[in-house]
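Report on the structure
As a plain string of letters, each chain reads:
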Amino acid sequence: AAARVLQSGMRLPPLPTIRELVKLYKLQAMKQLSQNFLMDERLTDKIVKSAGRIDHSDIVLEVGPGPGGITRSILRRQPQRLILVEKDERFGETLQLLRECAKPLNIQLDTYYDDILRFNIEHHVPDTTQRLHLIGNLPFAISTRLLINWYEDLAARRGAFRRNDTCMTLTFQKEVAERICAPVGGEQRCRLSVMSQIWTEPVMKFIIPGKAFVPKPQVDVGVVKLIPLKQPKTQLPFPLVERVVRHIFSMRQKYCRRGYGTLFPQEGREEVTQNLFQRAEVQDTLRSFELSVEQCLRLAEVYSEHIASHPEVEKYDYRAPKNAEIL
Ligand code: SAM
């Protein structure tokens, strides 16, 4: 028991269990908010432990605390400040209970009932003197969107990423977690793998079986820690990289030149594509899942050079009707 206390941090005052609170306040999970609750303290402790060291000078932002299982585990680790962003106000009473626990531990607990996709982190954490951790058992419905938004912030060194040591410890559907971490050539390798590995080092921490959640989701869940790279692999603007990678992976099973080629108008497409692959020193008959991050970025570099001299190509949308090819 003593080892448990040490591992998971401070003891909190006695509280009803999460299961009891969910029952007491009739907190029926809402499907449209992707609510699946974790009741097992050992699992919530393990998620927070995956975030690494949390010092008393640190700030933690938790996405979607719900009834507060992970929140309790974070409080036991005693950050200086804990920011909760929760869309569903029904959790007001259960989260208020945790406010009471935070006070004697000298932890500033700020709860916002807001959408994390719109939440302005810079506004709520105006200075960058403290290290920030992002932690959350994410709602499945927004997890990849949120991640891509955060990569965009990371690339621009803004929002939560004005410092280069803001780690994200997040849950995803197991398959999505595997995609984020997938190596070159791997079965799960996709756009999300490359986008993730351009700006971070994603580490698969552990898998939580679906049956650990209430209600039980259809799938198991993967806990991933995303560590921002100290040296970003590219200085290219995020929208350009995102566009190139999206096109490369638009035809995952075909030669990668096929998807990349759709960045360019039909007329002259073959020559331009061939020429740019040569300049990037990438073999154009590889499949997109066989490309390394560096190869994708070289293709983005030569695309960037190409549009600098052919600015009309930047606006080309290959799905647009033919007579609107160059807008
Ligand atoms: N952290 C709790 C746990 O582990 O038991 C709940 C996790 S549940 C999978 C996801 C939580 O995110 C829910 O509490 C849900 O209300 C909240 N949520 C859903 N969409 C959200 C959004 N856009 N912004 C903030 N919170 C959101």
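Notes on the structure follow. Computed from a prediction, not measured in an experiment: that's the story for all the values here.

The next thing to look at is the sheet that holds strand 9 (residues 221-228). The mixed open sheet is built from seven strands, whose spatial order is 4-3-2-5-6-9-7. Of all strands in the sheet, those with a lone pairing partner are strand 4 (108-113) and strand 7 (200-208), marking the two edges. Adjacent strand axes in the sheet meet at a mean angle of 20° when their direction is disregarded. Inspection of the sheet shows strand 7 paired to strand 9 by eight bridges, in the antiparallel sense. Looking across to strand 9, one finds that Val203 is bridged to Lys225. Against the sheet, helix 3 (residues 41-50) makes contact with strand 5 (132-136), strand 6 (167-173), strand 7 and strand 9, and its axis sits at roughly 165° relative to strand 7, the strand it touches most. Contacting strand 7 and strand 9, helix 9 (residues 191-199) crosses the sheet at an angle of about 120° to strand 7.

So, on to the pattern of salt bridges. Considering all chains together, one arrives at 20 salt bridges under this definition. The residue Arg131 makes a salt bridge to Asp55 at a minimum N-O spacing of 3.4 Å. One end of the pair, Arg131, is in the loop between helix 6 (121-124) and strand 5; the other, Asp55, is in the loop between helix 3 and strand 2 (59-63), and 76 residues separate them in sequence. For Arg131, a relative accessible area of 23% gives the class partly exposed. In this structure, Lys87 engages Asp115 in a salt bridge whose closest nitrogen and oxygen atoms are separated by 3.8 Å.

A few words on helix 5 (residues 92-102). Every buried residue of helix 5 is listed here: Thr94, Leu95, Leu98, Cys101 and Ala102. The buried residues of helix 5 all sit within an arc of 100° when viewed along its axis, so they share a single face. Next to the buried residues of helix 5 lie helix 2 (18-24), helix 4 (69-76), strand 3 (81-86) and strand 4.

This part covers the site of the ligand. As a structural note, the neighbourhood of the ligand is formed by 23 residues, with Gln35, Leu38, Gly64, Glu86 and Asn137 the closest of them. One nitrogen or oxygen atom from the main chain of Lys87 is found 3.3 Å from a nitrogen atom belonging to the ligand. Note that an oxygen atom of the ligand is positioned 2.8 Å from one of the side-chain N or O atoms of Asn137. Protein burial of the ligand: of its 590 Å² of free accessible surface, 98% is covered by the chains. Those elements that place two or more of their residues in the shell around the ligand are strand 1 (37-38) and strand 3. Across the shell around the ligand, the residue classes tally to eleven nonpolar, six polar and six charged.

It is worth spelling out unusual backbone geometry at this point. With omega at -10°, the peptide bond leading from Val214 into Pro215 counts as cis. For Pro215, the location among the structural elements is in the loop between strand 8 (213-214) and strand 9. Despite not being glycine, Ser34 shows a phi value in the positive range, around 50°. Inspection of the secondary structure puts Ser34 in the loop between helix 2 and strand 1. Non-glycine residue Asn106 carries a positive phi angle of around 65°. Overall, Asn106 belongs to the exposed group, its relative accessible area being 58%.

Okay, the packing of aromatic side chains next. Enumeration according to the criterion identifies seven aromatic pairs in this entry. Measuring from ring centre to ring centre gives 5.6 Å for Tyr260 and Phe264, while their planes differ by 65°; the resulting arrangement is edge-to-face. By the ring-pair criterion, three or more aromatic residues cluster together here, those being Tyr260, Phe264, Phe277 and Tyr303. The ring of Phe206 has Lys46 lying over it, and the distance from NZ or CZ to the ring centre is 4.3 Å. Positioned above the aromatic ring of Phe91 is the side chain of Arg90, whose terminal nitrogen or guanidinium carbon lies 5.7 Å from the ring centre.

Take the nonpolar core next. Residues Leu61, Trp150, Tyr151, Phe172 and Tyr260 are the most contacted members of the largest nonpolar core, which totals 62 residues. Residue contacts for Tyr260: discarding those within four places in its chain leaves Val244, His247, Ile248, Thr273, Leu276, Phe277, Leu299, Val302 and Tyr303.

On to the packing of helix 12 (residues 269-280) against helix 13 (residues 293-309), then. Where helix 12 contacts helix 13, the two axes come as close as 9 Å, and the packing angle between them is 125°. Taken together, the axis directions place helix 12 and helix 13 in an arrangement best described as oblique. In this structure, the crossing between helix 12 and helix 13 has a hand that is right-handed. When helix 12 is examined against helix 13, the residues Val272, Leu276, Phe277, Arg279 and Ala280 are found in contact with a partner set consisting of Arg298, Leu299, Val302, Tyr303, Glu305 and His306.

A separate point is the side chain of Thr200. With respect to the helices, strands and loops of the structure, Thr200 is situated in strand 7. Within polar-contact distance, the side chain of Thr200 engages the backbone oxygen of Ser196 at 2.8 Å. Once residues lying within four places of it in the same chain are set aside, the contact partners of Thr200 are Tyr151, Leu154, Met168, Leu226, Ile227, Pro228 and Leu229.

Checked against the element boundaries, Arg287 lands in the loop between helix 12 and helix 13. On a C-alpha basis, the gap between Arg287 and Ser309 in space is 28 Å, while along the polypeptide they are 22 residues apart. Setting aside residues up to four positions removed in sequence, Arg287 forms contacts with Arg252, Gln253, Lys254, Tyr255 and Cys256.

Conventions adopted
Residues numbered from 1 in each chain as written. Predicted model: local features only at pLDDT ≥ 70, side-chain atom pairs only at ≥ 80, totals over all residues. Heavy atoms only, no water. Pairing = 2+ DSSP bridges. Helix = DSSP H or I, 4+ residues; strand = E, 2+ residues; numbered from the N terminus. Axes fitted to C-alpha atoms, helices over the stretch in contact; angles between N-to-C directions. Contact = heavy atoms within 4.5 Å. Salt bridge = Lys/Arg side-chain N within 4 Å of Asp/Glu carboxyl O. Buried < 20%, exposed > 50% of the residue type's maximum accessible area, 1.4 Å probe, protein only. Arc of directions from axis to C-beta. Near = heavy atom within 4 Å. Polar contact = N/O pair within 3.5 Å; in protein donor to acceptor, adjacent residues only side chain to side chain. Areas by Shrake-Rupley, 256 points an atom, 1.4 Å probe, with all protein chains shown as cover. Nonpolar A, V, L, I, M, F, W, Y, C, P; charged D, E, K, R; others polar. Phe/Tyr/Trp six-rings, centres within 6.5 Å; stacked < 30°, edge-to-face > 60°. Lys NZ or Arg CZ within 6 Å of the ring centre and 35° of its normal. Core = buried A, V, L, I, M, F, W, Y, C linked by side-chain atoms within 4.5 Å. Parallel < 35°, antiparallel > 145°, perpendicular 65-115°, else oblique. Left-handed = near helix turned anticlockwise from the far one by under 90°.

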